[in-house]
Structures are given as structure tokens and as C-alpha cells.
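Understanding the architecture of this molecule
The lines below spell out each chain.
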Amino acid sequence: MDYSQFFNSALDRLHTERRYRVFADLERMAGRFPHAIWHSPKGKRDVVIWCSNDYLGMGQHPKVVGAMVETATRVGTGAGGTRNIAGTHHPLVQLEAELADLHGKEAALLFTSGYVSNQTGIATIAKLIPNCLILSDELNHNSMIEGIRQSGCERQVFRHNDLADLEALLKAAGPNRPKLIACESLYSMDGDVAPLAKICDLAEKYNAMTYVDEVHAVGMYGPRGGGIAERDGVMHRIDILEGTLAKAFGCLGGYIAANGQIIDAVRSYAPGFIFTTALPPAICSAATAAIKHLKTSSWERERHQDRAARVKAILNAAGLPVMSSDTHIVPLFIGDAEKCKQGLRPPARRARHLHPADQLSDRRQGLRAPAHHALALSRRRPDRSTRRSPVASVGPPRPAAQAKVAGGGVGFSSPLPACGERPDRIARCDPGEGESPRVQLPPSPRRAPLTPPSPRKRGEGEQAARPTA
């Protein structure tokens, strides 16, 4: 039997459906992010990355890089094995304590990624609760859906952010049945926020536990970067908070934070925690440095929100279909997946970047802040399990599709490089030589290009270095 035929057939289906993924071979340049080198089939090319979740540029912050280098030099690179066999290295213990403090919880538990923390965390917690009913928001991330599925518990899906629908399900379940409400705090494709306080009200009224995914919010919101729950003053009312170290904190890994009993139970029963190697010490030290910095510095968050607001203003002025959002996510509703893909594909005759991004310095820290925005494509499916970047293929045309500008980069002096005059190029993309025209949206009105703010003198004080959002 030729087993390869099964795999070839599966790949052929992806090509036929135009869903085959191609990864870009990129080499980021520290100190110049979002600029990178693309190792293309035709050789090296300079590019600007538009698809990163390193929202605040902490992945290249001097404190973060320094902590990683110092720890790797002092204790080595690897963790040495699973925590059950090789023990828990001290930088990991320090990181878990930092995360517990960030979220005002008794304890935290680290996983190898945010996906694993949801998948393993939800599955383990629900399995340990007899006859648990999981109430899941219809737009929850695939990692949460997989965790719910692997729990083997009954699941009921409530309409997105619909409190009446959630309450009806809670009421129907009865007061004595164990219930777990699972939702995100900030939904990464539409940029909308869950009404956490009201969800907590319902949980307390109907005796349910709460599990909230904060991956796109930790580091980004709240006085100390604790996320939407901290911003809304409800951290203490949520039973389990889940987050990632790979976005605003610029590192790697995922975690949950909760009371000591929940964390100890997951630590003792979760296969996705027990049977895998721990995060390396250097990664843990780097993440700890990022969290500590963002607990005391709001400059990055304020700058980031300012850039996101300017992106929305420019795209709206250009007549582009910007969906309403109060967060740093800037969704563009295109309405057709194929056009969405074509509109964001760069012309063949131009480099895969729009303009060298101007960068500004945080004079207080000596930090040359990065400049980037993240763009992704989405085929809008019921489980929202698909996340696309501009380098990934998108399937056949769908009734709806959107581009997401995850307004990253605290350092853009202009929120869209080279788009002060022509922001419509983001979705229009004039064809190159030998190419047919692609997405045609109304031309933008004539606008004066945005210019970088004038350099400030050192004597003008700290407030001058902190532009208001």
C-alpha cells in the first residue's frame, strides 16, 4: 500500500480549495523592527512585517533581552526536562509568582504556549468537576474549543456577548449543576470586549465558575497591564484567568492564574503540563523582566492606543470599511475572502513593504521603540478557529471576510507607513507589471502626509516624552 497517496490527496485538496499555506522565511532585525529580511525564493529582500503580535515591542526591549542573555549565560539554555523529573528551575518559580501578583491571584501555572494553557487548562478543570456544564461564547478561540471538546463535558454555546442568552442557559441548567462560563475578554478579530462585570454578576447569581482568556489584553490594558479584567475592576471576581507571554510581553509561553487549590489540581492532573519539558530559564527571566517593566510603565500602552486611534482615523478618512472597535484591533470588513487576500497581496514590482518606518525613542529608558502593525486575514467561520496572515492562502470566496490591523508598534510616527496620502493602498494594491487589477476601493481624499513630531529636548521633562493617548 502506498501510504503517501493519502497525504498527497489531502494536500491536493488544499491546493484546489486555495487553502494551502506558504510560510515566509523571515529574519527580524533587533533595533529595526518591524524591518526584516525575507529569504525569498529569488533571494534576500528587505520587508516590513505587518503580522506580528509583539504589540509593544517587548521582544527587543533592552531589559528583556538583557535578562535573557544574563540567565542563559549563568544557568544555561534548557530546562533539563519536565518539572516532575528535573525539578523546577528558579527563574520559572519567579515568573509564576510575578504572574500571580499581576492578576491578584494566589498562584499561577506556566505552559509551553497560550494554546496549550487553554487546551489543557479547560480540559483538566472541567474533568475534575463532576457533571460539569460548560457555557462557551460562540466566538471563542480554537484553543478554548479544543479544551472544551477534550474535557468530554456537555457544552452549550451562547450567542456572542449575549447576556440574555447566557442567563437563559444558566437558568435552564438549574442551581445545583456545576457550571463553567468560558469566554475571552477581548476578541481578536472584531476587537470587541466582553461585558465581564455583567458576566460575573450572572455567574454569582447562578453559582457558576468563570474562565476568561486574556491573551490579547494582558500587558495592554489596566494600570499594571493585568488586562481587561484589571481595567474593569473584576479580576477578583473571575475564578481562572488565562494569558500568554507571546504577545504584549514579547516572549513565549502561556499560563493560568487562580486560587491555590485550582492551580495545584491542574498541576497534578493535566497531561499537557506533566508530560512536557518546562520553559527554558532564559525565556522565563525575559518574560519576568517584561511583566515587571509593564507593571510600572504605561508609556507603551498609551503610545500604542494613540497609534491605533490614528490608524482608525486615517482608514476612515480614506473611506475604507473600518468596523467599530474600542480596542487596539482595527478590523476592515471586506466581505469577500478572495478580495481580502488579493487586496493585501503586495504587487510583484514592489518590495513587500510600504515605507521605512520612523521610530521614536523613550528617552527615559534609552529604548528605541519598534514600529509595526499586524495584519491578518480571516475566513469568518462559526468557531473562529482560523487566523490568516497575508502570507497564508485563503480559501474560496466566502460571504464575509475581513482584514485585521492589530495596531501594534509604539514607534510609528505615522501610523501607516507611506499611507498618509494614500492609505487606500492597504486594500487596493495597484497592480504591478503583468498583473491584472485587484481589489478596487474608492480612492482616498487628498490629504497632507503625516509628519513625525519634532524631536524634544531632554530638558522638557518626562511628560513631554509621554504623548497622551
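Our subject is the structure listed above.
One structure accompanies this document, and this report is about it. (Residues numbered from 1 in each chain as written. Predicted model: local features only at pLDDT ≥ 70, side-chain atom pairs only at ≥ 80, totals over all residues. Heavy atoms only, no water.)

**Thoughts on the overall build of the protein**
Helix and strand content of the protein: 15 helices and 15 strands. Of all 469 residues assigned to the protein, the portion counted as buried reaches 53%. Of the contacts formed within the protein by residues at least 6 apart in sequence, a portion of 73% connects residues at least 24 apart. When the accessible surface of the protein is summed, it comes to about 20,400 Å², and 53% of that surface belongs to carbon and sulfur atoms. (Helix = DSSP H or I, 4+ residues; strand = E, 2+ residues; numbered from the N terminus. Buried < 20%, exposed > 50% of the residue type's maximum accessible area, 1.4 Å probe, protein only. Contact = heavy atoms within 4.5 Å. Areas by Shrake-Rupley, 256 points an atom, 1.4 Å probe, with all protein chains shown as cover.)

**Some words on the pairing of strand 5 (residues 133–137)**
Consecutive side chains of a regular strand alternate in pointing toward one face of the sheet and then the other. Counting buried residues in strand 5 gives five out of five residues, a clear majority hidden from the surface. Residues Leu-133, Leu-135 and Asp-137 of strand 5 are buried on one face, and the alternating residues Ile-134 and Ser-136, pointing to the opposite face, are buried as well. Here strand 5 pairs with strand 6 (residues 154–158) via five bridges, running parallel. Bridge pairing in strand 6 links Ile-134 to Arg-155. (Pairing = 2+ DSSP bridges.)

**Some details on helix 8 (residues 196–205)**
Because an α-helix packs 3.6 residues into every turn, residues spaced three or four apart end up facing the same way. Those residues of helix 8 lying buried are Leu-196, Ile-199, Cys-200, Leu-202 and Ala-203. Buried positions in helix 8, seen along its axis, are confined to an arc of 160° and lie on one side of it. For helix 8, the exposed residues lying more than 90 degrees away from the buried face are Lys-198, Glu-204 and Lys-205. With its phi angle positive at about 60°, Asn-207 sits one or two positions after the end of helix 8. (Arc of directions from axis to C-beta.)

**Some details on helix 4 (residues 90–103)**
Helix length check: helix 4, at 14 residues, gives a terminal C-alpha distance of 20 Å against a target of 20 Å (1.5 Å per residue), a fit within 8%. Among all positions in helix 4, only Pro-91, Leu-92, Leu-95, Glu-96, Glu-98, Leu-99, Ala-100, Leu-102 and His-103 are buried. Packing partners of the buried residues in helix 4 comprise helix 2 (62–75), helix 3 (83–86), strand 4 (107–111), strand 9 (240–244), strand 10 (254–258) and helix 12 (281–296). At the C-terminal side of helix 4, Gly-104 shows a positive phi close to 65°. (Expected span 1.5 Å × (residues − 1).)

**Side note on the packing of helix 7 (residues 163–173) against helix 8**
With their axes 11 Å apart at the nearest point, helix 7 and helix 8 run at an angle of 15° to one another. By the angle between their axes, helix 7 is roughly parallel relative to helix 8. Crossing angle aside, the handedness with which helix 7 passes helix 8 is right-handed. Residues Leu-163, Leu-166, Glu-167 and Leu-170 of helix 7 form the contact with helix 8, whose participating residues are Lys-198, Ile-199, Leu-202 and Lys-205. Counted by class, the contact of helix 7 with helix 8 contains five nonpolar, no polar and three charged residues. (Axes fitted to C-alpha atoms, helices over the stretch in contact; angles between N-to-C directions. Parallel < 35°, antiparallel > 145°, perpendicular 65-115°, else oblique. Left-handed = near helix turned anticlockwise from the far one by under 90°. Nonpolar A, V, L, I, M, F, W, Y, C, P; charged D, E, K, R; others polar.)

**Things to note about the packing of aromatic side chains**
Tallied over the entire structure, the rule returns two aromatic pairs. Their ring planes at 75° and their centres at 6.1 Å tell us that Phe-111 and Phe-273 sit as a pair that is edge-to-face. With a gap of 162 residues between them, Phe-111 in strand 4 and Phe-273 in helix 11 (residues 271–274) connect regions that are remote in the sequence. The two residues Phe-111 and Phe-273 agree in class, both being buried. (Phe/Tyr/Trp six-rings, centres within 6.5 Å; stacked < 30°, edge-to-face > 60°.)

**Some remarks on the environment of Val-311**
Its place among the elements puts Val-311 in helix 13 (residues 299–317). Sequence-wise, Val-311 and Val-330 are 19 residues apart; in three dimensions their C-alpha atoms are separated by 7.8 Å.

**Topic: the sheet that holds strand 2 (residues 35–40)**
Taken in spatial order, the three strands of this open sheet run 1-2-3, and their pairing is antiparallel. The sheet is open, and its two borders are formed by strand 1 (26–28) and strand 3 (43–48), each paired with just one other strand. Each strand of the sheet is rotated relative to its neighbour by a mean of 30°, with strand direction disregarded. When strand 1 meets strand 2, the two strands line up antiparallel, connected through three bridges. Looking at the pairing, Arg-28 lines up with Ala-36 of strand 2.

**A word on a nonpolar patch on the surface**
On the surface, Met-1, Tyr-3, Phe-6 and Phe-7 cluster together into a nonpolar patch covering about 560 Å² of accessible area. Inspection of the secondary structure puts Tyr-3 in the segment before helix 1 (4–16). (Patch = residues over 30% accessible without salt bridge, like charges linked within 9 Å, V, L, I, M, F, W, Y side chains within 5 Å. Salt bridge = Lys/Arg side-chain N within 4 Å of Asp/Glu carboxyl O.)

**Here's the deal with the sheet that holds strand 8 (residues 209–213)**
The strand order across the open sheet built from seven strands is 4-10-9-8-7-5-6, with neighbouring strands paired in mixed fashion. One side of each edge strand has no neighbouring strand; the edge strands of this open sheet are strand 4 and strand 6. Neighbour to neighbour, the strand axes of the sheet diverge by 20° on average, direction disregarded. Inspection of the sheet shows strand 5 paired to strand 7 (residues 179–184) by four bridges, in the parallel sense. Within strand 7, the residue paired with Leu-135 across the bridge is Ile-181. Helix 8 contacts strand 7 and strand 8 of the sheet and is inclined by roughly 175° relative to strand 7.

**Let's talk about the pattern of salt bridges**
A full pass over the atoms with the stated rule returns 16 salt bridges. For Glu-17, the salt bridge identified is with Arg-19, shortest N-O distance 2.5 Å. The network of salt bridges with shared partners includes Glu-98, Asp-101, Arg-224 and Lys-295.

**Points about the nonpolar core**
By size, the foremost hydrophobic cluster in this structure holds 57 residues, and its most contacted members are Leu-110, Ile-181, Leu-196 and Leu-245. The biggest single contributor to this core is helix 12, with six residues. Ignoring any residue separated from it by four or fewer positions in sequence, one finds Ile-181 in contact with Leu-135, Phe-158, Leu-166, Leu-170, Ile-199, Ala-203, Ala-208, Met-209, Thr-210 and Tyr-211. (Core = buried A, V, L, I, M, F, W, Y, C linked by side-chain atoms within 4.5 Å.)

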